[in-house]
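Structural characterization, general
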Number of protein chains: 4
Amino acid sequence: MHTIRVGLIGAGRMGRVFAQTLAYTVAEVDLVAVADANAQTSAEVAAHFHVPHHYGDYRELLKREDIDAVVVVTPTATHAEVIAAAAAAGKHIFSEKPLAQTLSECDAAIEAVERSGVKLQLGFMRRFDAGYRMAKQKIEEGLIGTPVMFHAASRDPKRTSLEFARRENSGGLIMDMGVHDFDLARWLMGSEVVRTYSEGGCLVYPELNEVGDIDNALINLKFANGALGAIDLSRNAVYGYDIRTEVLGSEGSLLIGTLQQTPTLMLTRAGVTHDTVPYFMERFGEAYTNEIRDFVTCLIEDRPPSVDAYDARKATAIGVAATLSLDEGRPVSLDEVQ
Amino acid sequence: MHTIRVGLIGAGRMGRVFAQTLAYTVAEVDLVAVADANAQTSAEVAAHFHVPHHYGDYRELLKREDIDAVVVVTPTATHAEVIAAAAAAGKHIFSEKPLAQTLSECDAAIEAVERSGVKLQLGFMRRFDAGYRMAKQKIEEGLIGTPVMFHAASRDPKRTSLEFARRENSGGLIMDMGVHDFDLARWLMGSEVVRTYSEGGCLVYPELNEVGDIDNALINLKFANGALGAIDLSRNAVYGYDIRTEVLGSEGSLLIGTLQQTPTLMLTRAGVTHDTVPYFMERFGEAYTNEIRDFVTCLIEDRPPSVDAYDARKATAIGVAATLSLDEGRPVSLDEVQ
Amino acid sequence: MHTIRVGLIGAGRMGRVFAQTLAYTVAEVDLVAVADANAQTSAEVAAHFHVPHHYGDYRELLKREDIDAVVVVTPTATHAEVIAAAAAAGKHIFSEKPLAQTLSECDAAIEAVERSGVKLQLGFMRRFDAGYRMAKQKIEEGLIGTPVMFHAASRDPKRTSLEFARRENSGGLIMDMGVHDFDLARWLMGSEVVRTYSEGGCLVYPELNEVGDIDNALINLKFANGALGAIDLSRNAVYGYDIRTEVLGSEGSLLIGTLQQTPTLMLTRAGVTHDTVPYFMERFGEAYTNEIRDFVTCLIEDRPPSVDAYDARKATAIGVAATLSLDEGRPVSLDEVQ
Amino acid sequence: MHTIRVGLIGAGRMGRVFAQTLAYTVAEVDLVAVADANAQTSAEVAAHFHVPHHYGDYRELLKREDIDAVVVVTPTATHAEVIAAAAAAGKHIFSEKPLAQTLSECDAAIEAVERSGVKLQLGFMRRFDAGYRMAKQKIEEGLIGTPVMFHAASRDPKRTSLEFARRENSGGLIMDMGVHDFDLARWLMGSEVVRTYSEGGCLVYPELNEVGDIDNALINLKFANGALGAIDLSRNAVYGYDIRTEVLGSEGSLLIGTLQQTPTLMLTRAGVTHDTVPYFMERFGEAYTNEIRDFVTCLIEDRPPSVDAYDARKATAIGVAATLSLDEGRPVSLDEVQ
């Protein structure tokens, strides 16, 4: 079997998760080098995972001729720039979502990738979760007939840092949290979103107001085929990480989600109790491994990526429209922002 | 214990359910007379439940001096008129929801009731369901902190008749199905709705289009205190009757609903399977009894009704605004319709 | 429709439940008289439910010619005697379980019933619960192939009074609580029990030791067709009333039971919590109504009772064998006790 | 961090699972060599996982001085012999369960281990499953008071090969499947088993009869502190792999188990359906990794193994007694077999 030689760009919290995956879990991969703007961080991660080379500047990493592909886990605001540079260096690219927070940045990244002919896959890891995969398969098998409503709840157990919450960093609540649901919506419903309407507010953490973010939002979607969608986002699911999705069709419905981590029920005078899912790695850890495995397989088999730049641009476009709707208090057509 | 002497007005499908409740289940009640526009129907129901008197014209029933109160289960379009007549006759009134489909009709009914000083209670039976009652109580105890999001799915297993679907009969999908959720939203969130936005469509039963109705809708709510709400309505929950509600607060969440009727799980090569709730009587049968019991108790104890005419008017107002939003494709403020 | 005129014998806690059912819920029944060894109790219950006649001695009630049938809810130790007297008086009989705690008493009652030709139905109400009925039906339809294992947990939320716990009153834990499961075992497995082995102990309430009872027991069953059974009984399910049954077959399994009363989930920092079933009326209230309705229908249609005296004798026989096994610490064949 | 150099003995189906774990998942381990009686198998596994050395005779592997520890995944009948040889070679040992199928073999292995002073840990992986760990912790925290009943269902989705079913190979159903539950019973109840009674039969696969095995069994346990236990074993859970355990205490109960693999519910006209757990790797995959990690940590920190040879001998002793009970149709005291 051919081995894919990979460089990791970005070695923060999620970067380490990908380092672990690349170093130990996916057999067909050699993790050759790691880069991080913080040179000490890249040195530490390299040492911990026995990676031969490390850099403080990702452009140095891109100069290595023995690297086939890069995995990009840098801050969102830098995705487009790193992707363009990697494409120019002829490296295949796996990038954490989103592609970018503006459509012009998306377009610049897409152009660079197309010019160089490399493959670009985006990290919409929910598509690689066993639950969502089963849902997609059942829809394609016709189990629920024609999908007519999409529902999603994406809720974090706590708020982000105030610094991250600024729109220039996270893109705001709708862009930051919603992008996974925007991608799922298109994928599971099999139709493009044409209109969006948002309501939101700063209801639990007043300090978010000062940095221009909100903590709860509701987003309505209208699809090209007439179907409907509703997404709720929240930073105050203090009971645990709560990701639930439903697709209602003409012949049935699919519910994806789990409110229980450990298969243990406690029966006491307080009733029946079970634990919840603490955070995203507990819920989607396996999906993160699966998506890298899929990307590597796509390189080995020289087939198109499963989630490509156009998918990523569409998700960003929905986020842009939904955010505009929130800002202006009116329905926003996708045509308006593309 | 004082016995309340009751007349039943309306002896159709739901009228018979109330006849059963009044005749057998609530001990403090004597069902004295029944009226239905179809005189044969009222005769049959009277015979079946051993009711001494029956009428083809409800105005005859209202003339009886031995009747303390009436239960109104006539078609929605006649509620306001019957209520006004009953009030004029000095009878206390329990009426099936909604009070009326227009706010001017609501106001006329309210005026008649206030003038005569009788009590009027509306049949928002979900408030008397054990699940919703527990939720309300837990919210009041502070279990979930401040409520910030309201979610509801109300889904019927099949479409209504085309005749009923006409807006002049049912009020349209949003008014017909949504009114229970509009009432729950105000009650559970403890705040009034100030804005609504609706999306909807005729996605499964094209024939509804011809009578001006839709089969699926999504309704966004904004509450006076800034909280958010999302309601989905559907006529194509072919898997069963599906009523689920969630209230997310700053300190937790409450999920009310059940997808299982019988406590039996089937484990076969096809996976784990259980049945679903067939329709509303299986889900809310006990709540229908409870609401009548509550109304009777309010008469005996001479206390204000649990769900009064103002509650009913508010629910109708939200329905009017949400329907207008659907018709005009824009957010509609409640101020606009009141 | 023909009306069945019924006398109620025994007006204690469960007697009142049956009075309510007979007075209000089953339309084809007239509750004509009530008898209780405590004359004041029978007077009170008669007044409360508007029953025309009441007696301190059930033999007076049996003398009434206008009574078609009696419902026997007296203490277990008197069942056989009351049944024999009612049979001699030519009254059809519905009796709370068990028929008797000894096989000779069972036989005496059976003989009296057979001599007079009246119908006798026993109150194994679980057979009339929707969950168990579905299970029975699915087994008969072949959903799980051939049943090979029977499992049951029957657990009370608290111990009985010490007085009731004495073996001469309750028959002991195995006889008192197990008799429902012994009946279910035969009914659902479709085979007779041939051997039993019991373990038990006084593990939570040491005071039970002093009156000769235990608080936990495990009973193994062997069926004539080779199938296996295991029943656990406990008085310390402090979290709620817990009745769960499983039938494992060659092609699948059926789980009957519910650990949740109200369809409300609470999601807080403490995890996901729901309530439990408080006690037997909350779990089996509807089954108590159903069994009376079934008995009345069997009289109206003049068909054999659904659960007859032979069923009741078999359940008692298993209880006798299982109790003997506990006492002597060895497997006991049913042949030994019959 | 110190690295533990490990040799793998046995490279069949489960051997490959351990090879994967040792090669990729546990960072502190170097997999140095693999041995299998089938030399070609060991060569293949070595090639696949990049293991430097491979042998057809495990005694060659044991001669390597650069190996600290061995992982034994050979057929059960050879466990005791391989363990004795590894101990004599001064290697620490992790062995798949059971230690042996007879107590004399257990004792020989224990003696060899004690003589050489190496550490021996047994592969009771359920102790390392998150669900069982939570249960153990909650019991120790007193959540359910004093444990009084232990329940376990261990059910395979299909029968084993007839060759494996022979008692000289598998030890018979009770020994083969029950040993995990016997270990859990002691661990969770915190008391030793003193008596056992078994019922069993060949109810679904008559062909097992011919090789002297059964396909369903029920085993009663009595603990030293008076507590009770019931275990059911089955080879015909055709709906999936089904491992459920319950510990009922004086103050509550703990249910451990899961009947669902993927967090997706399907709502169709057939009811609500979800998938089941296919087989043991899907249920306990992570526990297999955890147990190796725990063993390696115990070597690094030089602390006693978490599950030692005495635990393993106790589980075997219960299996011997339970099998004897089945053979002789009587309760068997543990004293009898030790």
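Residues numbered from 1 in each chain as written. Chains lettered and ligands numbered in written order. Predicted model: local features only at pLDDT ≥ 70, side-chain atom pairs only at ≥ 80, totals over all residues. Heavy atoms only, no water.

Let us now look at the overall build of chain A. Per the secondary structure count, chain A includes 13 helices and 15 strands. Over its C-alpha trace chain A gives a radius of gyration of 20 Å, about what one expects of a compact globule, namely 20 Å for 338 residues. In terms of its C-alpha atoms, chain A occupies a principal-axis envelope of roughly 55 × 55 × 50 Å. Restricting the contact set of chain A to residue pairs at least 6 apart, pairs at least 24 apart contribute 70%. Working note: accessible area of chain A is about 11,800 Å², and carbon and sulfur atoms make up 49% of it. Seen as two clouds, the 32 positive and the 47 negative side-chain charges of chain A have centres 2 Å apart. (Helix = DSSP H or I, 4+ residues; strand = E, 2+ residues; numbered from the N terminus. Rg over C-alpha atoms; globule rule 2.2 N^0.38 Å. Contact = heavy atoms within 4.5 Å. Areas by Shrake-Rupley, 256 points an atom, 1.4 Å probe, with all protein chains shown as cover. Lys, Arg positive; Asp, Glu negative; His and termini not counted. Charge placed at Lys NZ, Arg CZ, Asp CG, Glu CD.)

So, about the UniProt feature "domain: Gfo/Idh/MocA-like oxidoreductase N-terminal" (unreviewed entry) in chain A. Per the UniProt record, "domain: Gfo/Idh/MocA-like oxidoreductase N-terminal" (unreviewed entry) is annotated on residues 4-124 of chain A. Secondary structure over residues 4-124 of chain A splits into 43% helix and 22% strand, and the C-alpha atoms at its two ends are 21 Å apart. (UniProt positions renumbered as here; feature names shortened; annotations may be inferred.)

Two chain copies, one operation linking them: a rotation about an axis together with a shift along it. Of the transformation superimposing chain B on chain A, the axial component is 0.0 Å and the angular component is 180°, with the fit at an RMSD of 0.0 Å. Accordingly, the operation relating the two chain copies is best matched by a two-fold axis. Minimal C-alpha separation from the rotation axis in chain B is found for R330(B), amounting to 3.4 Å. Mapped onto chain A, 100% of the interface residues of chain B again fall at the interface, so both copies present the same surface. (Least-squares fit on C-alpha atoms with pLDDT ≥ 70 in both.)

Residues given the UniProt feature "domain: Gfo/Idh/MocA-like oxidoreductase C-terminal" (unreviewed entry) here are residues 136-334 of chain A. For residues 136-334 of chain A, the end-to-end C-alpha separation is 24 Å, with 39% helix and 29% strand making up the annotated structure.

The next subject is the state of the cysteines. By the definition in use, this model includes zero disulfides over all chains. In this structure C298(C) is not part of a disulfide, and its nearest cysteine sulfur, from C106(C), lies 19 Å away. (Disulfide = S-S within 2.5 Å.)

Right, let's talk about the domain arrangement of chain A for a bit. All names here are of chain A. Looking at chain A, the domain boundaries give domain 1 (4-118) and domain 2 (127-286 + 314-337). Placing the centre of domain 1 and that of domain 2 at their C-alpha centroids yields a distance of 27 Å. Across the domain 1 to domain 2 interface the summed buried area is about 920 Å²; carbon plus sulfur atoms make up 64%. Ranking the residues of domain 1 by area buried against domain 2 places K97, Q101 and L103 at the top, with a combined share of 59%. (Domains from an automatic or database assignment. Buried area = accessible area lost by both parts, 1.4 Å probe.)

One frequent convention defines the size of an interface as the accessible area lost when the parts assemble. Residue-level contacts link 40 residues of chain B with 40 residues of chain A. Across the chain B to chain A interface the summed buried area is about 3,100 Å²; carbon plus sulfur atoms make up 63%. For the pair chain B and chain A, the interface holds eight salt bridges. One salt bridge in this structure joins R155(A) and E246(B), with 2.7 Å as the shortest N-O distance. Of all elements in the fold, only strand 7 (147-155), strand 8 (193-201), strand 9 (216-223), strand 10 (228-234), strand 11 (242-249) and strand 12 (252-257) of chain B reach the threshold of two or more residues within the side of chain B that touches chain A. With six residues, strand 10 of chain B is the single largest residue contributor to the side of chain B that touches chain A. Across the side of chain B that touches chain A, the residue classes tally to 17 nonpolar, 14 polar and nine charged. (Salt bridge = Lys/Arg side-chain N within 4 Å of Asp/Glu carboxyl O. Nonpolar A, V, L, I, M, F, W, Y, C, P; charged D, E, K, R; others polar.)

Turning to the side chain of H151(A), a few remarks are in order. Mapping H151(A) onto the fold places it in strand 7 (residues 147-155). Sequence-distant contacts of H151(A), that is, excluding residues within four places in its chain, are made with A230(A), R244(A), T245(A), E246(A), R155(B), L218(B) and D232(B).

Residues and elements named next belong to chain A. Here S95 lies in strand 5 (residues 92-95). Here the alpha-carbon distance between S95 and L122, two residues 27 residues apart in the chain, equals 5.0 Å. In contact with S95, not counting residues within four places along its chain, are V72, H79, I83, L120, Q121, L122 and G123.

So, about the sheet that holds strand 4 (residues 69-72) of chain C. Residue and element names in this part refer to chain C. If you walk across this open sheet you meet the six strands as 3-2-1-4-5-6, and the pairing is parallel. The two strands at the open ends of the sheet, each matched to only one other strand, are strand 3 (53-55) and strand 6 (120-123). On average, each strand axis in the sheet is inclined to that of its neighbour by 25°, with strand direction left out of account. Sitting on the sheet, helix 1 (residues 13-25) is in contact with strand 1 (4-9), strand 2 (29-35), strand 4 and strand 5 (92-96), with an inclination near 165° to strand 1. (Pairing = 2+ DSSP bridges. Axes fitted to C-alpha atoms, helices over the stretch in contact; angles between N-to-C directions.)

Take empty space enclosed by the protein next. Over the atoms a probe the size of a water molecule is rolled, and this reveals where empty space is left. All names here are of chain A. One pass over the full model with this rule turns up two cavities of 30 Å³ or more. Size it by volume and the largest cavity reaches roughly 60 Å³. Taken together, R167, G171, G172, L173, I174, M175, G212, D213, I214, T323 and L326 make up the full set of residues lining the largest cavity. Only helix 9 (172-189) and helix 12 (309-328) provide two or more residues apiece to the lining of the largest cavity. Here the lining of the largest cavity gets four residues from one element, more than from any other, and that element is helix 9. Split by residue class, the lining of the largest cavity holds five nonpolar, four polar and two charged. (1 Å grid on protein atoms, 1.4 Å probe; cavity = no way out; pocket = protein on both sides within 12 Å on 5 of 7 lines; lining within 4 Å. Points joined across faces, edges and corners; volume = space filled by probe spheres on them.)

Let's shift gears to the pairing of strand 8 (residues 193-201) of chain D. Residue and element names in this part refer to chain D. Along strand 8, seven of the nine residues are buried, which leaves the element largely enclosed by surrounding structure. Direction of pairing for strand 8 relative to strand 9 (residues 216-223): antiparallel, over a ladder of eight bridges. Bridge pairing in strand 9 links S198 to I219. Alignment of strand 8 against strand 15 (residues 332-333), held across two bridges, turns out to be antiparallel. Bridged to R195 within strand 15 is S333. (Buried < 20%, exposed > 50% of the residue type's maximum accessible area, 1.4 Å probe, protein only.)

For the rest of this paragraph, the subject is the sheet that holds strand 4 (residues 69-72) of chain D. Residues and elements named next belong to chain D. The six strands lie next to each other as 3-2-1-4-5-6, forming an open sheet whose pairing is parallel. Two strands close off the open sheet at either side, each with one partner strand: strand 3 (53-55) and strand 6 (120-122). This sheet shows a mean twist of 25° between the axes of neighbouring strands, independent of strand direction. Bridge analysis of strand 4 against strand 5 (residues 92-95) gives four bridges, and the strand direction is parallel. Its bridge partner lying in strand 5, A69 is registered against H92. Seen against the sheet, helix 2 (residues 39-48) touches strand 2 (29-35) and strand 3 and runs at an angle of roughly 165° to strand 3. Along the sheet, helix 11 (residues 280-300) contacts strand 1 (4-9), strand 2, strand 4, strand 5 and strand 6; its crossing angle with strand 5, the most-contacted strand, is approximately 165°.

Turning our eyes to something else, we now look at the relation of the copies chain A and chain D. Each copy of the sequence occupies a distinct position, and chain A is placed on chain D by a rotation of 180° and an axial shift of 0.0 Å, giving an RMSD of 0.0 Å. Most of the interface of chain A is mirrored in chain D: 100% of its interface residues are interface residues there too.

A separate point is helix 9 (residues 172-189) of chain D. All names here are of chain D. A rise of 1.5 Å per residue sets the reference length of helix 9, with its 18 residues, at 26 Å; its end C-alpha atoms lie 25 Å apart and thus fit the reference within 8%. By the largest-angle criterion, G178 marks the main kink of helix 9, which is about 55°. For helix 9, the tally of buried residues reaches 18 of 18 residues, placing the bulk of the element in the interior. The positive-phi residue at the C-terminal boundary of helix 9 is G190, with phi of around 65°. (Expected span 1.5 Å × (residues − 1). Bend = angle between axes of the 7 residues up to and from the residue.)

Looking now at the interface of chain A and chain D. Taken residue by residue, the interface counts 27 residues in chain A and 27 residues in chain D. Of the roughly 2,300 Å² buried where chain A meets chain D, counting both sides, 62% is carbon and sulfur surface. Here chain A and chain D share two salt bridges between them. One salt bridge in this structure joins E251(D) and R269(A), with 3.0 Å as the shortest N-O distance. Summed over the shared surface of chain A and chain D, the number is ten residue pairs in polar contact (both at pLDDT 80 or more). Split by residue class, the side of chain A that touches chain D holds 14 nonpolar, eight polar and five charged. By the bridge criterion, four bridges tie strand 13 (residues 264-268) of chain A to strand 12 (residues 252-257) of chain D in an arrangement that is antiparallel. Within strand 12 of chain D, the residue paired with L267(A) across the bridge is S253(D). (Polar contact = N/O pair within 3.5 Å; in protein donor to acceptor, adjacent residues only side chain to side chain.)

On to the confidence of the model for chain A, then. Across chain A, the average pLDDT comes to 96, with 99% of residues at or above 70. Both scores are given for the predicted complex: the pTM is 0.95, the ipTM 0.94. (pLDDT = per-residue confidence, 0-100.)

Residue and element names in this part refer to chain A. In terms of burial, strand 1 (residues 4-9) is largely enclosed, as five of its six residues are buried. As defined by bridge partners, strand 1 adjoins strand 2 (residues 29-35) across six bridges and the pair is classed as parallel. The residue bridging G7 from the neighbouring strand is A33, located in strand 2. With helix 1 (residues 13-25) bridging strand 1 and its parallel neighbour strand 2, the resulting β-α-β unit is right-handed. (Right-handed = clockwise from strand over helix to strand, strands pointing away.)

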